[in-house]
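Residue strings, one per chain:
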Amino acid sequence: MTSYPHWQQVPTRWKDNDVYGHVNNVVHYALMDTVINTYLIERGGLDIHDGGVIGLCVESHCNYHASVAFPEVLSIGLRVAHLGRSSVRYEIGIFRSDRGEPVAEGHFVHVFVDRETRRPVPVEGKLRESLEALA
């Protein structure tokens, strides 16, 4: 298993299963987005409602290795692969609760922008510190 400095437990929900009886692929992206933004809000001080800076997803990708189904609880690992001036590339591992082999692995790129102008802004202060802690 690859090392991730941050972990979050996320239960699957009944509605996550598709007609084939497993968690649908689109849910994996929602899980990645949820874990990243929870971390940014709780540790990075990101104010998603009124803050001047927001993160926009400009790229995402996921490789699927095994299926999961409700009612499993997933352990999601998060790390930063690259932190630039105004962007960050996260790597995410989705595991069963035992953290054995990943069921999925992906990446997600945020560009931080001014809420009003949507122009890139430098990642600074508490937000940068929280992202550096994941590198």
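No experiment lies behind these values; they were computed from the predicted model shown. (Residues numbered from 1 in each chain as written. Predicted model: local features only at pLDDT ≥ 70, side-chain atom pairs only at ≥ 80, totals over all residues. Heavy atoms only, no water.)

(A) Representation of the packing of helix α1 (residues 25-44) against helix α2 (residues 125-132) in the model. Relative orientation of the contacting elements α1 and α2 amounts to 120 degrees, with a least axis distance of 9 Å. Overall, the two elements α1 and α2 adopt an arrangement that is oblique. Like other packed secondary-structure pairs, α1 and α2 cross with a definite hand, here right-handed. Between α1 and α2, the contacting residues are Tyr39, Leu40, Arg43 and Gly44 on the first element and Lys126, Leu127, Ser130 and Leu131 on the second. Its residues assigned to classes, the contact of α1 with α2 comprises four nonpolar, two polar and two charged. (Axes fitted to C-alpha atoms, helices over the stretch in contact; angles between N-to-C directions. Helix = DSSP H or I, 4+ residues; strand = E, 2+ residues; numbered from the N terminus. Parallel < 35°, antiparallel > 145°, perpendicular 65-115°, else oblique. Left-handed = near helix turned anticlockwise from the far one by under 90°. Contact = heavy atoms within 4.5 Å. Nonpolar A, V, L, I, M, F, W, Y, C, P; charged D, E, K, R; others polar.)

(B) Main features of unusual backbone geometry. The linkage connecting Phe70 with the following residue, Pro71, adopts the cis geometry, with an omega of 15 degrees. Looking at where Pro71 falls in the secondary structure, it is placed in the loop between β2 (53-64) and β3 (73-83). Located in the positive-phi region is Arg99, a residue other than glycine, with phi close to 55 degrees. Mapping Arg99 onto the fold places it in the loop between β4 (87-96) and β5 (102-114). One non-glycine residue, Arg118, lies in the positive phi region at around 65 degrees. On the secondary structure map, Arg118 appears in the loop between β5 and α2. When its relative accessible area of 43% is taken as the criterion, Arg118 is described as partly exposed. (Buried < 20%, exposed > 50% of the residue type's maximum accessible area, 1.4 Å probe, protein only.)

(C) Structural context of the nonpolar core. Counting 29 residues, the largest nonpolar core has Tyr90, Ile92, Phe112 and Leu131 as its most contacted members. Here this core takes seven residues from α1, the largest share from any one element. The residues contacting Tyr90, other than those within four sequence positions of it, are Ile36, Leu40, Leu78, Arg79, Val80, Gly106, His107, Phe108, His110, Phe112 and Leu131. (Core = buried A, V, L, I, M, F, W, Y, C linked by side-chain atoms within 4.5 Å.)

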